[in-house]
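Below are the chains, spelled out letter by letter.
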Amino acid sequence: MCLLTKSISEVEGNDPQICSVLRGNLNAYENTLAEQIQKALDNNEFKSSKTAQQLARFLVMGIYGIRTYALTNSDPKALQLLADDLYCALLN
């Protein structure tokens, strides 16, 4: 995922065809997460008023954000706290 997001940032606006392929791969990643989240919801592993797709999108956005934040703050404890907050937010 890191390579995909960095690549799309690099080529955005320069090569629409490559951007389309990269976006497709990132969407596939998000959809795969949504499928797994749906399985967890179906198995009553947790409950949410959000759809699996909404939760997957939020998770992906959070991962992007943490990865970007880590570029300027690599403190493992701070990053772990952010990851924990993201996880808790998903469950609420």
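All values reported here derive from a predicted model rather than from experimental measurement.

Asks: Can you lay out the overall build of the chain for me, pointing to particular residues and giving the numbers?
Replies: The number of helices and strands found in the chain is 4 helices and 0 strands. Reading the chain from its N terminus to its C terminus gives the helix and strand order α-α-α-α. Across the 92 residues that make up the chain, the buried fraction comes to 24%. In the chain, the proportion of contacts linking residues at least 24 apart, taken out of those at least 6 apart, comes to 37%. Just so you have it, the chain exposes about 6500 Å², and 56% of that area is on carbon and sulfur atoms.

Asks: Explain helix H2 (residues 16-42) to me, using residue names and the numbers behind them.
Replies: Compared with an ideal rise of 1.5 Å per residue, which puts 27 residues at 39 Å, H2 spans 38 Å between its outermost C-alpha atoms and is within 8% of the ideal. Among the residues making up H2, those that are buried are Cys19, Leu22, Leu26, Glu30, Leu33, Ala34, Ile37, Ala40 and Leu41. Note on H2: the residue one or two positions beyond its end, asparagine 44, has a positive phi of about 55°.

Asks: Outline helix H4 (residues 76-91), supporting the account with residue identities and numerical values.
Replies: Each turn of an α-helix holds 3.6 residues, which means side chains three or four residues apart point in the same direction. Under the 1.5 Å per step criterion, the end-to-end length of H4 is 23 Å for 16 residues, consistent within 8% with the ideal 22 Å. The complete set of buried residues in H4 reads Ala78, Leu79, Leu86 and Leu90. Viewed end-on, H4 has its buried residues packed into an arc of 120°, placing them on one side of the element. Relative to its buried face, H4 has exposed residues pointing more than 90 degrees away, namely Lys77, Leu81, Asp85 and Tyr87.

Asks: Give me the packing of helix H3 (residues 52-70) against H4: which residues, what numbers.
Replies: Running from amino to carboxyl end, H3 crosses H4 at an angle of 170°, the nearest separation of the two axes being 10 Å. When the axes of H3 and H4 are compared, the pair comes out roughly antiparallel. Facing Leu55, Phe58, Leu59, Gly62, Ile63, Ile66, Tyr69 and Ala70 of H3, the residues of H4 in contact are Leu79, Leu82, Ala83, Leu86, Ala89 and Leu90. For the contact of H3 with H4, the residue count by class is 13 nonpolar, 1 polar and no charged.

Asks: How would you summarise the pattern of salt bridges if you had to cite specific residues and measurements?
Replies: One side chain can pair with another of opposite charge once the charged atoms of both are near each other. Applying the stated criterion to the full structure yields 1 salt bridge. Here glutamate 30 ties to arginine 57 by a salt bridge, and the two come within 3.3 Å at their closest N and O atoms. Here arginine 57 lies in helix H3 and glutamate 30 lies in helix H2, a separation of 27 residues in the sequence. The exposure class assigned to arginine 57 is partly exposed, which follows from its relative accessible area of 46%.

Asks: Tell me about the nonpolar core, residues and numbers included.
Replies: One finds Leu33, Ile37, Leu41, Leu55, Ala56 and Leu59 to be the most contacted residues of the largest nonpolar core, which totals 13 residues. Looking at this core, the elements with two or more residues in it are H2, H3 and H4. When residues in this core are grouped by element, the largest group, 6 residues, is from H3. Ignoring sequence-local partners within four residues, the contact set of alanine 56 consists of Glu30, Leu33, Ala34 and Ile37.

How each quantity is defined
- Numbers given to residues run from 1 along each chain, matching the order in which its sequence is written.
- Under the rules for a predicted model, residues below a pLDDT of 70 receive no local features and side-chain atom pairs below 80 are neither given nor counted, while totals for whole chains, interfaces and linings still include all residues.
- Each side-chain value is worked out from all heavy atoms of the structure, with water and hydrogens disregarded.
- A run of DSSP states H or I qualifies as a helix once it reaches four residues; a run of E qualifies as a strand once it reaches two. Both are numbered from the N-terminal end.
- Any residue under 20% of the maximum accessible area for its type is buried, any over 50% is exposed, and the rest in between are partly exposed; the area is computed with a 1.4 Å probe on protein chains only.
- The contact criterion used is simple: two residues touch if any of their non-hydrogen atoms lie within 4.5 Å.
- Each accessible area value is a Shrake-Rupley result obtained with a 1.4 Å probe; residue values ignore everything except the protein chains displayed when judging cover.
- In a helix, the anticipated span is given by 1.5 Å times the number of residues less one.
- Throughout, the arc means that of the directions going from the helix axis to the C-beta atoms.
- Every axis corresponds to a line fitted to the C-alpha atoms, with the helix fit spanning only the stretch in contact, and the corresponding angles, defined between N-to-C directions, vary from 0 to 180 degrees.
- Note on angle classes: values under 35 degrees are labelled roughly parallel, values over 145 roughly antiparallel, values of 65 to 115 roughly perpendicular, and the remainder oblique.
- Under the convention adopted here, Pro, Cys and the residues Ala, Val, Leu, Ile, Met, Phe, Trp and Tyr are nonpolar, Asp, Glu, Lys and Arg are charged, and Gly plus all remaining residues are polar.
- A carboxyl oxygen of Asp or Glu within 4 Å of a side-chain nitrogen of Lys or Arg is what we treat as a salt bridge.
- Definition of nonpolar core: a set of buried residues of the types Ala, Val, Leu, Ile, Met, Phe, Trp, Tyr and Cys, connected through side-chain atoms within 4.5 Å.

Worth remembering: the numbers are spatial, not functional.
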